[in-house]
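# Fold and geometry: a report
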Amino acid sequence: MGKLTATTVKNAKPGRHADGEGLYLLVKPTGARSWLLRVQFNGSRRDVGLGSADLAPRKAPVAGSDSDPLHDIPILERRLLTLAEAREKAAILRRLAKAGRDPVAERDKDRRTSRTFKDAAEAYRKTMAGTWTKAHASRFINSLTEHAFPQLGAKAVNQIDAAAMRDALAPIWTTMPVTAGKLRQRIAAVLNYSNSEGWRPTEAPLRALSFMLGDRPVGGNYPAMPFEEVPGFVAELEADTETMGRLALRFLIFTAARSGEVRKTTWAHIDLEGRLWNRPADLMKGKNAKAHSVTLNDQAIAVLKQAAEQGGTKPDAPVFLSSKGQALSDMTISKIMRDKGLDYVPHGFRSSFRDWAAERMPSIPDPVAEAALAHKVSDKVVAAYKRTTFIELRRQLLDAWGLFAGGQGAKVVQLASARA
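Residues numbered from 1 in each chain as written. Predicted model: local features only at pLDDT ≥ 70, side-chain atom pairs only at ≥ 80, totals over all residues. Heavy atoms only, no water.

### Observations regarding the overall build of the chain
When helices and strands are counted, the chain shows 19 helices and 8 strands. Counting every position in the chain, which comprises 420 residues, the buried fraction comes to 46%. When contacts within the chain are restricted to residue pairs at least 6 apart in sequence, long-range pairs at least 24 apart make up 60% of them. Approximately 20900 Å² of the chain is accessible, and the part contributed by carbon and sulfur atoms is 51%. (Helix = DSSP H or I, 4+ residues; strand = E, 2+ residues; numbered from the N terminus. Buried < 20%, exposed > 50% of the residue type's maximum accessible area, 1.4 Å probe, protein only. Contact = heavy atoms within 4.5 Å. Areas by Shrake-Rupley, 256 points an atom, 1.4 Å probe, with all protein chains shown as cover.)

### Concerning the pattern of salt bridges
Taken as a whole, this structure holds 16 salt bridges when the rule is applied. A salt bridge links E370 to R354; its shortest N-O distance comes to 2.6 Å. One end of the pair, E370, is in helix α16 (residues 366-372); the other, R354, is in helix α15 (residues 349-360), with 16 residues separating them in the sequence. By relative accessible area, E370 is classed as partly exposed at 24%. Classification of R354 as buried rests on a relative accessible area of 17%. Members of the salt-bridge network, linked through shared partners, are E236, D240, R246 and K340. (Salt bridge = Lys/Arg side-chain N within 4 Å of Asp/Glu carboxyl O.)

### Description of the sheet that holds strand β2 (residues 23-27)
Spatial ordering of the open sheet is given by β1-β2-β3-β4-β5, a layout of 5 strands whose pairing is mixed. Looking at which strands have only one partner, the edges of the open sheet turn out to be β1 (15-20) and β5 (80-81). As paired strands, strand β4 (residues 44-53) and β5 are joined by 2 bridges and run parallel to one another. Across the sheet, A53 pairs through a bridge with L81, a residue of β5. Contacting β1, β2, β3 (33-41), β4 and β5, helix α2 (residues 83-98) crosses the sheet at an angle of about 20 degrees to β3. (Pairing = 2+ DSSP bridges. Axes fitted to C-alpha atoms, helices over the stretch in contact; angles between N-to-C directions.)

### Section: the packing of aromatic side chains
Evaluated as defined, the whole model comprises 13 aromatic pairs. Judged by centre distance (5.0 Å) and plane angle (55 degrees), the ring pair of F251 and W277 falls under tilted. One end of the pair, F251, is in helix α11 (residues 244-255); the other, W277, is in strand β7 (residues 276-279), and 26 residues separate them in sequence. By the burial criterion, F251 is buried, and W277 matches it. Chaining the aromatic ring pairs together yields one cluster made of F227, F353, W356, W401 and F404. When the ring centre of Y24 is taken as reference, the NZ or CZ atom of R16 above it lies at 5.4 Å. Sitting over the face of the ring of W277, R279 holds its NZ or CZ atom 4.7 Å from the ring centroid. (Phe/Tyr/Trp six-rings, centres within 6.5 Å; stacked < 30°, edge-to-face > 60°. Lys NZ or Arg CZ within 6 Å of the ring centre and 35° of its normal.)

### Looking at the sheet that holds strand β6 (residues 270-271)
Across the sheet, 3 strands lie side by side as β6-β7-β8; this open sheet has antiparallel pairing. Of all the strands in the sheet, the pair left with one neighbour each is β6 and β8 (292-295). In this structure, β7 lies alongside β8, joined through 4 bridges in antiparallel fashion. Its bridge partner lying in β8, R279 is registered against H292.

### Brief notes about the environment of A168
Residue placement: A168 occurs in helix α7 (residues 162-173). For the pair A168 and A180, spaced 12 residues apart in sequence, the C-alpha separation works out to 9.6 Å. Residues contacting A168, with those up to four places away along its chain left out, are H147, Q151 and L152.

### Some details on the nonpolar core
Grouped together as the largest cluster of nonpolar side chains are 54 residues, with contacts concentrated most on L249, I253, F320, W356 and L397. The next biggest cluster of nonpolar side chains, apart from the first, holds 35 residues, and it includes F117, I160, I172 and W173. (Core = buried A, V, L, I, M, F, W, Y, C linked by side-chain atoms within 4.5 Å.)

### Section: the confidence of the model for the chain
On average, the chain scores 83 in pLDDT, and the residues at 70 or more come to 84%. Across the chain, α11 holds the top mean pLDDT of 96, while helix α19 (residues 409-419) sits lowest at 55. Here residues 62-67 scores under 50 on pLDDT; set against residues more than four positions off or in separate chains, the count is 3 contacts. (pLDDT = per-residue confidence, 0-100.)

### Digging into unusual backbone geometry
For N42, which is not a glycine, the phi torsion comes out positive at approximately 55 degrees. Within the element layout of this structure, N42 appears in the loop between β3 and β4. A positive phi angle, close to 55 degrees, is found at A256, a residue other than glycine. With respect to the helices, strands and loops of the structure, A256 is situated in the loop between α11 and α12 (259-264).

So, in structure tokens, the structure goes:
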């Protein structure tokens, strides 16, 4: 009988925690949890990584059914494991080691064999089943079945490059721009998942793809960065020399705000204690604009504190000061993206956020995402949720966006699972 329980796995402090028979839970100072098997092979001790610890609650499968979304994925291929699954995987590898077979090679044998795009898409859908609604899972696989599988379904995922993605998207790129945008995101999600599973050596070639497809005819919409690329771009910004322009762009991303709202806001609009950005009507877009409050996530607050260190916090002073002590110009923020060779514009991050909310946070109603963007929402909708709930749902959504954009996507999955 193992020493660990699901509760101890969830609450374990940083360090190495033994379960017995060579199985250990490793907890990093960051809180990341993974499984390790220590086993003897050919007279030598081998440490075999089994995968990450799965802390999300999972419904018990019905015998003889496919209610378990991972039921047809072999245990040796799984990289996200509950305590019971870690024990099962460890037991198999121990038996293989005793039989004279290299446990590391056995663990990786099937993972080195690539999957077809269709098989990988099905595996990804089943892996995400615990965090997606049935409707979202259906939309995901149906769009791929109709538009991607004819071109990509039979291809091995390790053979799909930017040209193959372009060929799949080209038939609907200009005629069905909204669908094409979502399809690009879904194909990329499957390829990124395949990379994490060891079925292909790289993530989706989105940057190369952006140079191969023409602009979509979406009227006055702004070129928007696919949301999957946002965490990487934010990481680049954080690694660059800190300037007010880069701070303003990061704040714009974390709050999904318009450039003018960010550039013109003053410290009088910021309520750090209440974690709110209270924007007066004259700061908002449109003749009949109304005052609007934006909930501030940890990432946005961190940016504000960095801006305060550079420029102070006088109530009537712009939060993001230029070298002349005035509000930044729109060109200052846009130039940061142009200098990186990107065709996207700052305003497009609002679309990135909206696409992410639809794809990754299906439990949050669409009107909440619209309200987070300060788009007009029916008073009946607000009344249905009650104002306190509405602001709380917006806070949940923007908190999750901050984690995702800040490169902590795994925490978003845990957050969504906890609230499901």
